[in-house]
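A look at the structure
Listed here are the chains, written in short residue letters.
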Amino acid sequence: MTQYRALLAELADDAVATRIELREPAALEPGHLRIAVEFSGVNFKDALALTPGGGVVRQYPIVPGIDIAGTVLESASDEFAAGDRVVAHGYEIGTARDGGYAEQAVVPAEWAVKLTALSTREAAAIGTAGFTAAMSVAAIVDAGVVPADGPVVVTGATGGVGSTAIDLLASLGYEVVASSGKPGATDHLHALGAHEVIGRLPLDPDAKPRPLGRSRWAAAVDCVGGAALADVISTLNYGGVVAASGLTGGAGLKTTVMPFILRGVTLAGIDSVQMPIAPRRALWARIESDLRPRHLDLVANDIGIDGVRVVVDALRAGEYTGRAVVDLSRGW
């Protein structure tokens, strides 16, 4: 089998450097797949993998890229055959074993999802961020919150999770309020389906936090954490649900039990990393049907492998809008 190129990240002198490495394919172990990687993505976790002390990579050197979308080259599993289109993300991909920033990747078959209706580029454009958004929206829908219950707020609205969540919620008929600190993104958020665009929560960052605020939201998709999540929890309607997946606003949460015991609100934690494969495949089936994003073309930005660092820097600075799709045929 021919050699392939990989973007290798190495830790040296308190910095993470990257270089292109030409590799020989290793023998395929039983129960594994060799995938021709066609597309990957740039997630916040990928930015952490390229940041000293980022806390997500177990040991360097490693090929980053927590998303893999491509075609099976070789299968040592009865579940898959050469030529199958697949997506794989989460588990140890790009953090404890080589990930998607390479022309080939090897993963256990039990981590892979077979695609039927989506192309590999569409799957990568959705990726971990879109999958997390789908998990968040499903949590709200499955909790029984319906569009007639009132508006749903999405924090961190211009990120990969937030953008896709707006798209999905609007397509299901919810009135979506997008919370963002980027005034220039207003038209973009409206195009995705947002009914209203507001600033970062809390709107008055100097105001003293209240255990209970005025009820405003039937539900929320929170991609920020910290003060934004605390504000959302205190302003949910009775029986409201917040699906929380982010911590760019901080890992701490200053709140009280009051919203939970007086308004019966639910804080639903969203983790796509260790989600078992059966519900993971079931949710991808929904993403290919009733939870299929309508506006991937507005969210996805195509780059080559040489553009990864630029996007990583923008993500670190909180300046990136949308979802970067890495085309593995470009930029070497």
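Residues numbered from 1 in each chain as written. Predicted model: local features only at pLDDT ≥ 70, side-chain atom pairs only at ≥ 80, totals over all residues. Heavy atoms only, no water.

1. With respect to unusual backbone geometry
Excluding glycine, residues mostly have negative phi values, and the peptide bonds linking residues are mostly trans. For the bond running from Tyr-60 to Pro-61, omega is 0 degrees, close enough to zero to count as cis. You can see Pro-61 is positioned in the loop between α1 (44-49) and β4 (67-75). Here the bond from Leu-201 into Pro-202 is cis, since omega is -5 degrees, no more than 30 degrees from zero. Along the chain, Pro-202 turns up in the loop between β10 (196-198) and β11 (217-222). Although it is not a glycine, Asp-13 adopts a positive phi angle of roughly 55 degrees. Backbone geometry places Tyr-91, a non-glycine residue, at a positive phi of 55 degrees. As for its position among the elements, Tyr-91 is in the loop between β5 (85-89) and β6 (104-108). (Helix = DSSP H or I, 4+ residues; strand = E, 2+ residues; numbered from the N terminus.)

2. Points about the side chain of Asp-327
Among the structural elements, Asp-327 can be located in strand β15 (residues 323-327). Buried within the structure, Asp-327 lacks any salt-bridge partner; its nearest side chain of opposite charge belongs to Arg-330, at an N-O separation of 4.4 Å. One polar contact links Asp-327 to Ser-329, side chain to side chain, over a distance of 2.7 Å. In contact with Asp-327, other than residues within four places in its own chain, are Glu-38, Phe-39, Ile-303, Gly-304 and Ile-305. (Buried < 20%, exposed > 50% of the residue type's maximum accessible area, 1.4 Å probe, protein only. Lys, Arg positive; Asp, Glu negative; His and termini not counted. Salt bridge = Lys/Arg side-chain N within 4 Å of Asp/Glu carboxyl O. Polar contact = N/O pair within 3.5 Å; in protein donor to acceptor, adjacent residues only side chain to side chain. Contact = heavy atoms within 4.5 Å.)

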